[in-house]
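Each chain, written out:
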Amino acid sequence: SNTTCMPDSAVYNLLLLAYGRKAIKAQTRAEARDAKRSQRDWLRKMVAAGYEPTSSTFEIMCTEPALAGDWRKVEDTRKKMFGGELGCVEKLTAKASLTLLQAHLIGGNRPGAEVVVKNMAHNDKLEPKAVRLLERHLPRAEALSMLDASAAGATKKKNQNQAS
């Protein structure tokens, strides 16, 4: 007999993703609000069922607010899920870190973006996509100086690790 078991976190993430897309594609504010409410309800059910939010969960929950430039909401969600200071990417994948960076850049929070870039560099998560994102949202010179500063910090950290 084929018995169904409790869905794992990937299934919950798919549900969250579906409602997130529905919120983005909504024609009216009411539709968007309903989709976001359903998304939050499923997140609560996921946690109640004993599944920890993953980096993918964060990415899914924050895609829409990141595109809207609502970096405070994205940071708040990250903090609730994983803790840590502003811009902390330790528990995020490189892809989820991009969502966080995007929220700060679109929202015009340059100091926050700088912290995220520095943390991405320190955690070996600074990928070409992050560089392109910076170049798209900042003047080239600013983007390069931000990358130089974070690269210098990452090199210093690596040297300290090798020395210990």
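Please refer to the structure higher up on the page.
This write-up is about the structure you can find in this document. (Residues numbered from 1 in each chain as written. Predicted model: local features only at pLDDT ≥ 70, side-chain atom pairs only at ≥ 80, totals over all residues. Heavy atoms only, no water.)

**Some remarks on helix 3 (residues 55-67)**
Since the α-helix advances by 3.6 residues per turn, residues separated by three or four positions end up pointing in the same direction. In this model, helix 3 (13 residues) spans 18 Å end to end at C-alpha, consistent with the 18 Å of a helix rising 1.5 Å per residue. Of all the bends in helix 3, the largest measures some 40° and sits at Met61, one to four residues before the proline Pro65. What helix 3 keeps buried is the set Ser55, Thr57, Phe58, Glu59, Ile60, Met61, Cys62, Pro65 and Ala66. Gly69, located one to two residues past helix 3, shows a positive phi value of around 75°. (Helix = DSSP H or I, 4+ residues; strand = E, 2+ residues; numbered from the N terminus. Expected span 1.5 Å × (residues − 1). Bend = angle between axes of the 7 residues up to and from the residue. Buried < 20%, exposed > 50% of the residue type's maximum accessible area, 1.4 Å probe, protein only.)

**Considerations on the packing of aromatic side chains**
Under the definition given, this model contains three aromatic pairs. Ring centres of Tyr12 and Tyr51 lie 5.6 Å apart, and the angle between their planes is 50°; on these two criteria the pair is classed as tilted. You can see Tyr12 sitting in helix 1 (residues 9-25) and its partner Tyr51 sitting in the loop between helix 2 (29-48) and helix 3, a full 39 residues away along the chain. Residue Tyr51 is classed as partly exposed on the basis of its relative accessible area, which comes to 22%. When the centroid spacing of 6.4 Å and the interplanar angle of 65° are considered together, the rings of Phe58 and Phe82 count as edge-to-face. Here the residue Phe58 occupies a position in helix 3, and Phe82 occupies one in helix 4 (residues 71-82), the gap between them amounting to 24 residues. We note that Phe58, like Phe82, is buried. Among the aromatic residues, ring-to-ring pairing joins Tyr12, Trp42 and Tyr51 into one connected group. Between the NZ or CZ atom of Lys45 and the centre of the ring of Trp42, over which it lies, the distance is 4.3 Å. (Phe/Tyr/Trp six-rings, centres within 6.5 Å; stacked < 30°, edge-to-face > 60°. Lys NZ or Arg CZ within 6 Å of the ring centre and 35° of its normal.)

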